[in-house]
Every structure is written in structure tokens, then in C-alpha cells.
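# Examination of the molecular architecture
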Amino acid sequence: MKQSHYSRRRFLAHTSTLTAASLFGLSRTAAAEPPPETDRIRVLHTPATCLAPQALAEDLLRLEGFSEVEYVMSPNAVGVEATAMGAADVLMWDAPGTLPVLDAGLPLVVLAGIHLGCYELFATGSIRRISDLKGRSVAVYWEDSGAQVLVRSMLAYVGLDPRKDVRWVMGPRAEDAKRLFVEGKADAFIGFPPHPQELRAEKFGHVILNTTEDRPWSQYFCCMLCANADFVQRNPVASKRALRAYLRAADICAQDPQRVARYIVAKGYEPRYEFALDVLTRLPYNMWRHTNPEDTLRFYALRLYEVGMIKTNPNKLITRGTDWRFLNELKREMKA
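The rules behind the values
- Every chain begins its residue count from 1, and numbering advances along the sequence as written.
- Totals for whole chains, interfaces and linings use every residue, but because this is a predicted model, local features are given only for residues with pLDDT of at least 70 and side-chain atom pairs only at 80 or more, for both listing and counting.
- As a rule here, side-chain values come from all non-hydrogen atoms in the structure, and water together with hydrogens is ignored.
- Only centres within 6.5 Å qualify two rings of Phe, Tyr or Trp (six-membered ring in Trp) as a pair; their planes then separate them into stacked at under 30 degrees, edge-to-face at over 60, and tilted for everything else.
- In this description a helix means any DSSP run of H or I spanning at least four residues, a strand means any run of E spanning at least two, and both kinds are numbered starting from the N terminus.
- To sort residues, take the accessible area from a 1.4 Å probe on protein chains only and compare it with the maximum for the residue type: under 20% means buried, over 50% means exposed, and anything in between is partly exposed.
- The rule for a charge over a ring is simple: NZ of Lys or CZ of Arg within 6 Å of the ring centre, and within 35 degrees of the ring normal.
- A helix is expected to span 1.5 Å multiplied by its residue count minus one.
- Working rule for contacts: check all heavy atoms of both residues, and any pair within 4.5 Å makes them a contact.
- As used in this structure description, the phrase polar contact means that two N or O atoms lie within 3.5 Å; if the pair is within protein, one of them must be able to donate a hydrogen and the other to accept it, and residues adjacent in sequence are counted only when both atoms belong to side chains.
- Any carboxyl oxygen of Asp or Glu within 4 Å of a side-chain nitrogen of Lys or Arg constitutes a salt bridge here.
- Convention adopted: a line fitted to C-alpha atoms gives each axis, helices being fitted over their contacting stretch, and angles between N-to-C directions are expressed from 0 to 180 degrees.
- Orientation is classified from the angle alone, with under 35 degrees giving roughly parallel, over 145 giving roughly antiparallel, 65 to 115 giving roughly perpendicular, and any other angle giving oblique.
- Two helices cross in a left-handed way if the nearer one is turned anticlockwise from the farther one by less than a right angle. They cross in a right-handed way if the turn is clockwise.
- Under the scheme applied, nonpolar residues are Ala, Val, Leu, Ile, Met, Phe, Trp, Tyr, Cys and Pro; charged residues are Asp, Glu, Lys and Arg; polar residues are all the others, including Gly.
- DSSP bridges decide pairing: two strands pair if at least two such bridges lie between them.

## Thoughts on the packing of aromatic side chains
Within the structure shown, the criterion is met by 13 aromatic pairs. Between Tyr-157 and Trp-217, the ring centres sit 5.3 Å apart and the planes meet at 70°, which makes this aromatic pair edge-to-face. Remark: Trp-217 occurs in the loop between β9 (206-210) and β10 (221-228) and Tyr-157 occurs in helix α6 (residues 146-157); sequence separation between them is 60 residues. What makes Tyr-157 partly exposed here is its relative accessible area of 42%. By the ring-pair criterion, three or more aromatic residues cluster together here, those being Tyr-119, Tyr-141, Trp-142, Phe-181, Phe-189, Phe-192 and Phe-204. The ring of Phe-299 has Arg-303 sitting right over it, with the charged end atom 5.0 Å from the ring centre.

## Thoughts on helix α13 (residues 293-306)
With 14 residues, α13 should cover 20 Å at 1.5 Å per step; its first-to-last C-alpha distance of 20 Å lies within 8% of that length. On its buried face, α13 is in contact with α5 (95-103), β4 (108-116), α6, β10, α14 (314-321) and α15 (325-333). One side-chain oxygen at the N-terminal end of α13 lies 2.9 Å from the backbone nitrogen of Glu-294; it belongs to Asn-292. Two residues or fewer past α13, Gly-308 is found with a positive phi of approximately 75°.

## Considering the environment of Asp-59
By the element assignment, Asp-59 lies in helix α3 (residues 52-63). For the pair Asp-59 and Val-69, spaced ten residues apart in sequence, the C-alpha to C-alpha distance is 8.7 Å.

## Regarding the environment of Ser-131
By the element assignment, Ser-131 lies in the loop between β5 (120-123) and β6 (136-139). Judged by relative accessible area, Ser-131 falls into the partly exposed class, the value being 37%. Between the C-alpha atoms of Ser-131 and Tyr-157, which are 26 residues apart in sequence, the distance is 9.7 Å. Ignoring anything within four residues of it in the chain, the contact list for Ser-131 reads Val-158 and Leu-160.

## Details of the pattern of salt bridges
Summed over all chains, the structure comprises 31 salt bridges. In this structure, Lys-240 engages Glu-33 in a salt bridge whose closest nitrogen and oxygen atoms are separated by 3.6 Å. Placement of the pair is Lys-240 in helix α10 (residues 236-255) and Glu-33 in the loop between α2 (17-31) and β1 (40-45), with a sequence separation of 207 residues. Considered together, Lys-240 and Glu-33 belong to a single accessibility category, that of buried residues. In this structure, the salt-bridge partner of Asp-256 is Arg-259, at a minimum N-O distance of 3.1 Å. Its relative accessible area of 12% is what places Asp-256 among the buried residues. Here the salt bridges share partners, and the residues they tie into one network are Glu-33, Glu-64, Lys-240, Arg-241, Arg-244, Glu-329 and Glu-333.

## Some thoughts on the packing of helix α8 (residues 195-202) against helix α12 (residues 273-282)
Across the interface, α8 lies against α12 with an axial gap of 10 Å and an inter-helix angle of 120°. As summarised for this structure, α8 and α12 are arranged oblique, according to the angle between their axes. Pair α8 / α12 crosses with right-handed handedness. Residues Gln-197, Glu-198, Arg-200 and Ala-201 of α8 form the contact with α12, whose own contacting residues are Phe-275, Asp-278, Val-279 and Arg-282. For the contact of α8 with α12, the class distribution of residues is three nonpolar, one polar and four charged.

## A word on the sheet that holds strand β7 (residues 166-169)
Here we have five strands laid out as an open sheet, ordered β7-β6-β8-β5-β9, and mixed in their pairing. Of all strands in the sheet, those with a lone pairing partner are β7 and β9, marking the two edges. Direction aside, neighbouring strands of the sheet carry axes that sit 25° apart on average. As paired elements, β5 and β9 share four bridges and run antiparallel to each other. Bridge pairing in β9 places Leu-121 opposite Leu-209.

What follows is the structure, given as C-alpha cells:
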């Protein structure tokens, strides 16, 4: 299939009639509201294919009144921690990966869920289910990464102890986890796009759990929109407008995955159109209106709290680390 290279302007100009109507509606709504308290917003740059709404958000944020949209690279800290410490204002991040940060009391707030699914757990040999991982090794991206926290919750869910029952394998860089699995230095590997797509193309390993398809994991958000708590407190109008831009971007991903896939390729986030399209058609980007993000955090937090992997009571953690008021307003406003 020939790949089309779209500029952001051409992409937005040539979207479907439904999307164009959505953007027109956005302009009317935004014009009727107070302007954002700041015209500058910093987005933490994480170029993963599943984070397509974040790639699309730049133009939508400008429509929301942010004349300066800066995509910043993560400094010497994990992205969600960096955002909590003030390096960025907003970012998309996986739900499990936010829990250690919220547990530590860092100034981070979760505003909404963006899409479900994403992670897939691969294994080799006779491993067919989570309980088969007892005594085995699992490759993850880094210590306390969302991937590791997710597997910890899975192990706890089936009655295993994440601290004793598996051996964790990780390299000095995030991309080493898949390589170590392929080299036979780990029995299992959990990854997000494009690593599952690569493993399928290479015909290596088999999937024992897909969080997009397998319950109960498929009922909960993977990536959520998080923000620096001080930014939200100082800029409530800007926070609501930023969230609306991300939710609009998620809608575009659901409505026109082929065009978004071409856009992702043109931007260089994923050079392989087939992989980008596979991600965009597999992931449910249209569930933010119908799935309760608080249920997601509670589900994972309870699993980890029960085995002592987090110290904060889940209800206290949710009260301290979430703010659903903008999402609730936007659900009412964006019913179309």
C-alpha cells in the first residue's frame, strides 16, 4: 500500500465530514468559554504508536487557545514523574505506571482515561497462563514501569507474589526488554506497540494475555491523561480545554484510523504503516465516554495494595490523585 505523507494542516483539512463537524463544534464551544489562563502548554513527548491522540493534540490544543504548544522530552526521570516534578504540564501515560507516583505523593493528577487495551504478554515454551509464570523470568522495560506494575497486578490477581514468584529481567534501556526476550534471557515479555506487532511479524513467542481482548483487563483503561497538579490548580480553564483536545483526538483515532496511521508515519512516530494501522484499529479509542476511569485505578491499586506493593489505601490514593470534574463536564457537552 502506498503511504501518503500528510502535513498536520492537510490532515485536519481532509478529515471526514464527521470529524470536520466535530472540529467546527469545538470552535463554537471554545469561543463561548473564558480563554485559558495561559496560552502556553508543555506536553511530555512520548512517541509510542498507541499514544496517537497525543500526536494529534498539537493542532487541537491551538484551536483551544494555546498559541504556544511545546512538546518536551523527558529529562532524567520517567515521564510521569517528570511531569509531576514540573518538567511538563500534561502527558498520556499508562494507568499502572501512575500508581507508584501517586503512592509516593508526588503532585500528579489523573484527569481522564483515553483508551483501553495496549499491552500484550508474550511467552515461550509451555507457558499458557499467568499462573504458569511462577518460577519464571519476565522481561519488562524498567523498574516500576507501567509494564512491570501491570504484571505485578496480574500475578496478584491469580494469587502469586510479585516479589517472590517471578524473576524480573530488564536492560539499561527500555528497548532492551524485547531483545532479551528474543535472545532467550527471559521466559516472558510484556510490551506495548510496536513491540507486539514486531513479535507477531517475527513469529516469535505466543500471546498468553492481551489487555485489549482478555477480561478483566480489557474492561480498564491503559493510557490516561495526567497533569501536573499545580498546573491544574492554577489553570482550571486551560486544563479543561487541554483535556477536550485530547478527547477530540481520541475520537479522530476511532473515526478514521487509516488517515491517522498515515499521519503517524508522516510524523515519524512509526515508519511502518501496517504496524500503525494495526494499533489504531485494535485499540478502542471511543470508550472514554462509557468507561469509568476511577474503576481502572481502583482495580489496579487494590491488587497492589493487597500484596504490599503500594502503601496508600486505594480510596485515599484516588481522592488525592484524581480530578474528574472536567471529564464529567465534557461528557455532558460532547454527547454527539
